[in-house]
Amino acid sequence: MDVMKAMPRVLPALALGCILLQPHKFLEVFKYDSSPVDWCEDNYVHSEHIAEFYNTVSNLPFIGCALAGYYYYKDNPQLNKVEPYFWVIWALYLFIGLGSFYFHGTLSVAGQVLDEFPIVLFGAYGSLLLIPKSKWKSLAHRKHVFTSKSTLIS
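Residues numbered from 1 in each chain as written. Predicted model: local features only at pLDDT ≥ 70, side-chain atom pairs only at ≥ 80, totals over all residues. Heavy atoms only, no water.

## With respect to the nonpolar core
In this structure, Tyr85, Val88, Ile89, Leu92, Tyr125 and Leu129 together form the largest nonpolar core, which totals 6 residues. Mapped by element, the contributors of at least two residues to this core are helix 6 (87–106) and helix 7 (109–129). The leading source of residues in this core is helix 6, at 3 residues. (Core = buried A, V, L, I, M, F, W, Y, C linked by side-chain atoms within 4.5 Å. Buried < 20%, exposed > 50% of the residue type's maximum accessible area, 1.4 Å probe, protein only. Helix = DSSP H or I, 4+ residues; strand = E, 2+ residues; numbered from the N terminus.)

Quick look at the structure:
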């Protein structure tokens, strides 16, 4: 059995099994202040619901730029011809903003993962986009590389 083909079925089943066996441990990662990482900003100074106010609010431009970039790209057929998968960069940029917003607002372990993982994906996927489309064997080959190899790199 090919390991890469089995991964989409095995990982969700494994994650669900862990959640069902120890639901209290799963819920602990969503608790406020459960992350060992704490940045230089004082916590809960400006709001009793937001841990790091300025770090949280500073992610709103990320979210706005990601949405604007995605809609600009989506409505521009010229860009779609040049780079058909560039929309993923805007989606990852949005997930960076949302994940960081959640993390700095809660300082939870789940928030830390949602903050850092999209940045890793952004770097891996962005580095693959540096290779010009003309250097790939075919668009189908390129799609395969993007979906499997960039996930593996991340």
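## Focus: the packing of helix 4 (residues 60–74) against helix 6
Look at helix 4 against helix 6: their axes get within 8 Å of each other, and the N-to-C directions meet at 160°. Comparing the axis directions of helix 4 and helix 6 gives the class roughly antiparallel. Considering the relative orientation of helix 4 and helix 6, their crossing is left-handed. Residues Leu60, Phe62, Ile63, Cys65, Ala66, Leu67, Gly69, Tyr70 and Tyr73 of helix 4 form the contact with helix 6, whose participating residues are Trp87, Trp90, Tyr93, Leu94, Ile96, Gly97, Leu98 and Phe101. A per-class count over the contact of helix 4 with helix 6 returns 15 nonpolar, 2 polar and no charged. (Axes fitted to C-alpha atoms, helices over the stretch in contact; angles between N-to-C directions. Parallel < 35°, antiparallel > 145°, perpendicular 65-115°, else oblique. Left-handed = near helix turned anticlockwise from the far one by under 90°. Contact = heavy atoms within 4.5 Å. Nonpolar A, V, L, I, M, F, W, Y, C, P; charged D, E, K, R; others polar.)

## Examining the side chain of Asp115
Along the chain, the position of Asp115 falls in helix 7. No salt bridge is formed by the buried Asp115. Its closest oppositely charged neighbour is Lys31, at 21 Å. A polar contact is formed between the side chain of Asp115 and the side chain of Ser100, at a distance of 3.3 Å. Each residue touching Asp115, except ones within four places of it in the same chain, is listed here: Gly99, Ser100, Phe103 and His104. (Lys, Arg positive; Asp, Glu negative; His and termini not counted. Salt bridge = Lys/Arg side-chain N within 4 Å of Asp/Glu carboxyl O. Polar contact = N/O pair within 3.5 Å; in protein donor to acceptor, adjacent residues only side chain to side chain.)

## Details of a nonpolar patch on the surface
Among the surface-exposed residues, Val57, Leu60 and Phe101 lie close enough to one another that they form a single nonpolar patch of about 230 Å² accessible area. Along the chain, the position of Phe101 falls in helix 6. (Patch = residues over 30% accessible without salt bridge, like charges linked within 9 Å, V, L, I, M, F, W, Y side chains within 5 Å. Areas by Shrake-Rupley, 256 points an atom, 1.4 Å probe, with all protein chains shown as cover.)

## Describing unusual backbone geometry
For residues besides glycine, phi is generally negative; the peptide bonds are generally trans as well. Although it is not a glycine, Asp33 sits at a positive phi angle of roughly 60°. Counting through the fold element by element, Asp33 comes out in the loop between helix 2 (23–28) and helix 3 (53–57).

## Brief notes about helix 7
Between its first and last C-alpha, helix 7 extends 30 Å over 21 residues, near the 30 Å set by a 1.5 Å rise per residue. What helix 7 keeps buried is the set Ala110, Gly111, Gln112, Asp115, Pro118, Ala124, Tyr125, Leu128 and Leu129. (Expected span 1.5 Å × (residues − 1).)

## Notes on the environment of Tyr44
Its location among the elements puts Tyr44 in the loop between helix 2 and helix 3. On the basis of relative accessible area, Tyr44 is assigned to the partly exposed category, the value being 26%. The sequence separation of Tyr44 and Gly105 amounts to 61 residues, and the corresponding C-alpha distance is 9.2 Å. Contacts of Tyr44, omitting those with residues within four sequence positions, involve Tyr32, Asp33, His49, Ile50, Ala51 and Thr106. At 3.2 Å, the side chain of Tyr44 forms a polar contact with the side chain of Asp33.

## Topic: the confidence of the model for the protein chain
In regions of low pLDDT, the predicted coordinates are not meant to be interpreted in detail. This prediction gives the protein chain a mean pLDDT of 78; 74% of its residues lie at or above 70. No element of the protein chain has a lower mean pLDDT than helix 8 (residues 139–153), at 59, and none a higher one than helix 3, at 92. (pLDDT = per-residue confidence, 0-100.)

## Considerations on the side chain of Thr106
Topologically, Thr106 is positioned in helix 6. Excluding anything up to four places from it in sequence, Thr106 contacts Tyr32, Asp33, Tyr44 and Ala51.

## Side note on the packing of aromatic side chains
Inspection of every chain in the model, using the stated rule, returns 5 aromatic pairs. Between Phe62 and Tyr93 the ring centres are 5.1 Å apart and the planes differ by 35°, which places this aromatic pair in the tilted class. Of this pair, Phe62 sits in helix 4 while Tyr93 sits in helix 6, and the two are 31 residues apart along the sequence. A relative accessible area of 29% places Phe62 in the partly exposed class. Geometrically, the ring pair formed by Tyr93 and Phe122 is tilted, given 6.2 Å between the ring centres and 40° between the ring planes. Here Tyr93 is found in helix 6, whereas its partner Phe122 is found in helix 7, with 29 residues between them in sequence. These aromatic residues form a ring-pair network of at least three members: Phe62, Trp90, Tyr93 and Phe122. (Phe/Tyr/Trp six-rings, centres within 6.5 Å; stacked < 30°, edge-to-face > 60°.)

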